[in-house]
Every structure is written in C-alpha cells, then in structure tokens.
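Fold and geometry: a report
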Amino acid sequence: MSKTRILTGITTTGTPHLGNYVGAIRPAIAASRHPGAESFYFLADYHALVKCDDPARIQQSTLEIAATWLACGLDPEKVVFYRQSDIPEIPELTWLLTCVTAKGLLNRAHAYKAATDANREKSEDPDAGITAGLYMYPVLMAADILIFNAHKVPVGRDQVQHIEMARDIGQRFNHLYGGEYFTLPEAAIEENVATLPGLDGRKMSKSYNNTIPLWLPEKELRNAILGIVTNSQVPGEPKNPDESHIFSIYQAFAGPVRSAAMRAAFKNGIAWGEAKQVLFNCINAELGPLRENFEKLIASPETIEDLLQAGASKARERTLPFIRKLRGAVGIRSLHTSSVASTVQSTAETVGQKAPRFVSYRENDKAYFKLIDSNGLVLLQSVPFDSQRDAGRVIAAIKQQMSLKTDGSGRVVMVETSVVAKLMDAIRPDVENALQRINALEASKKNASPAS
Ligand code: TRP
C-alpha cells in the first residue's frame, strides 16, 4: 500500500507566535510521526512575496520559521522539508496550470474578492493596488500541492477554497490531456485544534496585532502572559473558566487532568495574578526545551541551509521526472526523432499495457538503449555506446544490480565507475520496480521453457 501523502506550506512572513504553535505547528509535527503518512513541509517563500516586498524580512522569516519547525521536533530524516523556491519545477508547473485555469475561477477567490470589494467601497478602481501575484496565488498553491500529488492538505478554514481550486485545476488538466496526471487533493481540517485567544481576547493573529511571539525569552514571556486582559473580578470571587482567555490558553497546553484542576480553582476564586502565573509555568515548561533548540539552530544558519538543500534534493527526485512527464503531456517535447517516436509509441502502449522492457536501437553509428515501463514512459535513457554488444553488456549489468547504483544526484545510473544512463520520467523506485519485474518475467520464462 502506498502511503498517504500529506503536504503543508508555511508562508515565510513574520515571526511565529503561540497561536501558530498551538494551531498549526504542534499538530502538524504530531501528524508527521504517523507511520502511515508521508509528509511534505515547505517554506512558501514565493507566496511570501505576494504579501511582503522587504527582502531582509523574507530572509529572516525563512530562517526563523525553518528553525522553529526543526526546534519543535520536525524530523527532516522522516519528512521532506524544503523551501519552495529551491524547486524550480513548482513555478514551471504554475505556468502549465495557469494555462488551463479559468480566469473566472480566480475572480471568485476570497482574498481577491475581498481586495476588490474594499476598493469598490472606497469608490476606487476595483483592481487598484492589487498585484497579479495576489490574483495568481491560488494557482501557485495548486502547483505546490499537485507537483507532489498530495492526498491531504492540513489547512485552516480560510484556506479551504484554495484546496478546492487546486482540485478544480488538477481535474481540468487531467481531463484536457486525457490522463490521471494529478491526484485530486483534499483539505484536512483539524477539528479539535484550539484557536488561541490573543492579548485582547480576539483570536491570536498577526492581523490583529495581539500575538505573543513563540520565542520570547522567559522573562518577556512571563510579562506578556501577565499582560493578558482579564475582567475586574477580585481574588476569592468565583470565576467562570468558560469565559476566560486565561483558561482557554491553559487548556491548549495543560492536558485534561490539569485543566480539570484549574477549572476547580476558578470556581474557588483563584486570583487572576495566580492563574496567570500557573499558566506561564505551564507554557514555559513546554516551550523551554524547544526554545533552547531554537536558539542553537538560529545561531547556525548554515546547518539549516544544508538541511533545506538536502530536502530539496529529496523533493526533486520526484518533481523532476514528474515535470518531464507533464511537459510531454502538453507537447513540450524534444524534436529528436527517437523522442517523437517514443511518445507516439507510448500512447499506443498505454492501451496495450506491455511489460516493462529494455529497447536497444542504433542512431548515427552509435548504440543506445532505453528502459521503458508498462505505460510507455521512458525510465532510463542510455549514453551512446560504440557497439550493440557494449550496450547489451551494460543492460545485463544493470539487471544484476540488487539496488540501483546512482551518483550523488540520484539522476544517473552507474555501472562500476561509468555513467551509463540517465533517469528520465522516473525516480529510483520506479526503475527498481521495472527491473524487478523484468527479472521476474525472464525467470518465469526460463522455468517455463523445456530445457533443450
Ligand atoms: N496559503 C497558505 C497559507 O497562507 C500557505 C501555503 C502555500 C500552502 N502553499 C501551500 C498551504 C500549499 C498548503 C499547501 O497558510
């Protein structure tokens, strides 16, 4: 069974706050530990450009947000953690999708509509001050999701429309180009995740300017918590926990047992000052060790950059062959005769569903081979060889490899110390599967044919 692919993007503007931690970071990291899931987390820095034109802030926020997720326990060995702008296939797919996206669909996007409505209210031109970046935001987001064929996208309610648009756009591409190129994603809304109230009691949010930054030093965190507004009830007066921001924040950090005790303390008239102190102790106990991780990470941006680069390589093992396939689908293809032939062939083969196989051929006095899968996709394209015999020997050597030998990039196949072929519409597991099937088929043929 293939795993459920879960994908989330984090826009790199601003500094993470307690609300982000409780509402997004903590649950997402917990979800990334489920064995049945394959998780993709990325820093959406192209999306950040839609909202922010301050280069220093984009960079600083990228660093802080990457360090935050790592400090909170995201394991880059277990998930694919990368920066959107390190994956050139994403903007490339954005264009392919742009060309199948109905303009009317984008006109109906909530964020764009809100911006034009605000302009109309001021009797300005509806599009005044609106960039094409804001308008295209949903298409870029669709590309983020569709390039990995994600099944589930955990998002807040405000993003659900974007996921629906990604489905629409993916479906339209599939339909137009006649194939199941894209998996249609679904929004996953965490129902029982708390929304934290902010300092003023409204939902904690950058846009209300009522946040408590996640990585405040201990003393400042304490002061911020002591500064949360409360009513004027005096110590000893029974207080209603269900109307108290202090209590709802406490619940998001303390488990059910401690919350029940706090509920009782409210009924018994705990003083606000004391309740806030208990709240601070509880939050600080959880964040203290994470803050130490964060401070170490933020002091070592190179380490983070290296991790992101490693993540990008992992991600591109998928996106590179996939974009090649998509380019082929729309007709952006090599004019080289063998490529034209192989595309025509591949359509016919899809119907026939042949077994994967090696195909050898000659061209300009050189010998070549390809490995073709059952859908007619070219998995491997060989380098030129002097003779068919040389090519044949290399095919035999590849078939004998227990696990495919590649160079550091993972994009070329080696036999001993020579590069013998490039991976095309494939990632390593595709090639290994095809080789296994070829070997199994040959073994069964051998067994079936009577010994001569
Ligand atoms: N738009 C999302 C937000 O503001 C961030 C984002 C960008 C995203 N690309 C994504 C989320 C892809 C999920 C999947 O929160």
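Just so it is clear, the model here is predicted, and its values are computed rather than measured.

1. Describing the pattern of salt bridges
Per the counting criterion, the structure on display carries 15 salt bridges. A salt bridge links Asp-200 to Arg-202; the shortest N-O distance between them is 3.1 Å. Exposure remark for Asp-200: the relative accessible area of 34% places this residue in the partly exposed category. Overall, Arg-202 belongs to the partly exposed group, its relative accessible area being 43%. Salt bridges sharing common partners tie together Arg-83, Asp-86 and Glu-305.

2. Brief notes about the packing of helix α3 (residues 55-71) against helix α13 (residues 301-330)
At a closest axis distance of 11 Å, the pairing of α3 and α13 adopts a crossing angle of 80 degrees. Taken together, the axes of α3 and α13 lie roughly perpendicular to each other. Of the residues in α13, those touching α3 at Leu-63, Ala-66, Ala-67 and Leu-70 are Pro-301, Ile-304 and Leu-307. Here the residues of the contact of α3 with α13 sort into seven nonpolar, no polar and no charged.

3. Re the nonpolar core
Leu-18, Tyr-21, Trp-69, Phe-81, Ile-212, Phe-253 and Ile-283 are the most contacted members of the largest nonpolar core, which totals 52 residues. Listing elements by their share of this core, those giving two or more residues are α1 (18-32), β2 (37-44), α3, α9 (218-226), α10 (245-253), α11 (256-267), α12 (272-298) and α13. For this core, the element with the most residues is α12, which contributes 10 residues. For this core, the domains that each give at least three residues are domain 1 (4-192) and domain 2 (215-297). With 44 residues, the next largest nonpolar core counts Leu-7, Leu-106, Tyr-135 and Ala-312 among its residues.

4. Focus on the packing of aromatic side chains
Using the criterion set out here, one finds 16 aromatic pairs in the structure. The interplanar angle of 45 degrees and the centroid separation of 4.7 Å between the aromatic rings of Phe-173 and Tyr-177 together place this pair among those described as tilted. Within this pair, Phe-173 and its partner Tyr-177 are both found in helix α8 (residues 160-177), separated by four residues, close to a single helical turn. With relative accessibility at 31%, the residue Tyr-177 sits in the partly exposed group. Between Phe-266 and Trp-272, the aromatic rings sit 5.7 Å apart at their centres with planes inclined by 75 degrees, giving edge-to-face as the arrangement. Across the pair, Trp-272 and Phe-266 agree in class, each one buried.

What counts, and where the lines are drawn
- Residues numbered from 1 in each chain as written.
- Predicted model: local features only at pLDDT ≥ 70, side-chain atom pairs only at ≥ 80, totals over all residues.
- Heavy atoms only, no water.
- Salt bridge = Lys/Arg side-chain N within 4 Å of Asp/Glu carboxyl O.
- Buried < 20%, exposed > 50% of the residue type's maximum accessible area, 1.4 Å probe, protein only.
- Axes fitted to C-alpha atoms, helices over the stretch in contact; angles between N-to-C directions.
- Helix = DSSP H or I, 4+ residues; strand = E, 2+ residues; numbered from the N terminus.
- Parallel < 35°, antiparallel > 145°, perpendicular 65-115°, else oblique.
- Contact = heavy atoms within 4.5 Å.
- Nonpolar A, V, L, I, M, F, W, Y, C, P; charged D, E, K, R; others polar.
- Core = buried A, V, L, I, M, F, W, Y, C linked by side-chain atoms within 4.5 Å.
- Domains from an automatic or database assignment.
- Phe/Tyr/Trp six-rings, centres within 6.5 Å; stacked < 30°, edge-to-face > 60°.

Purely geometric stuff here, so don't read any function into it on its own.
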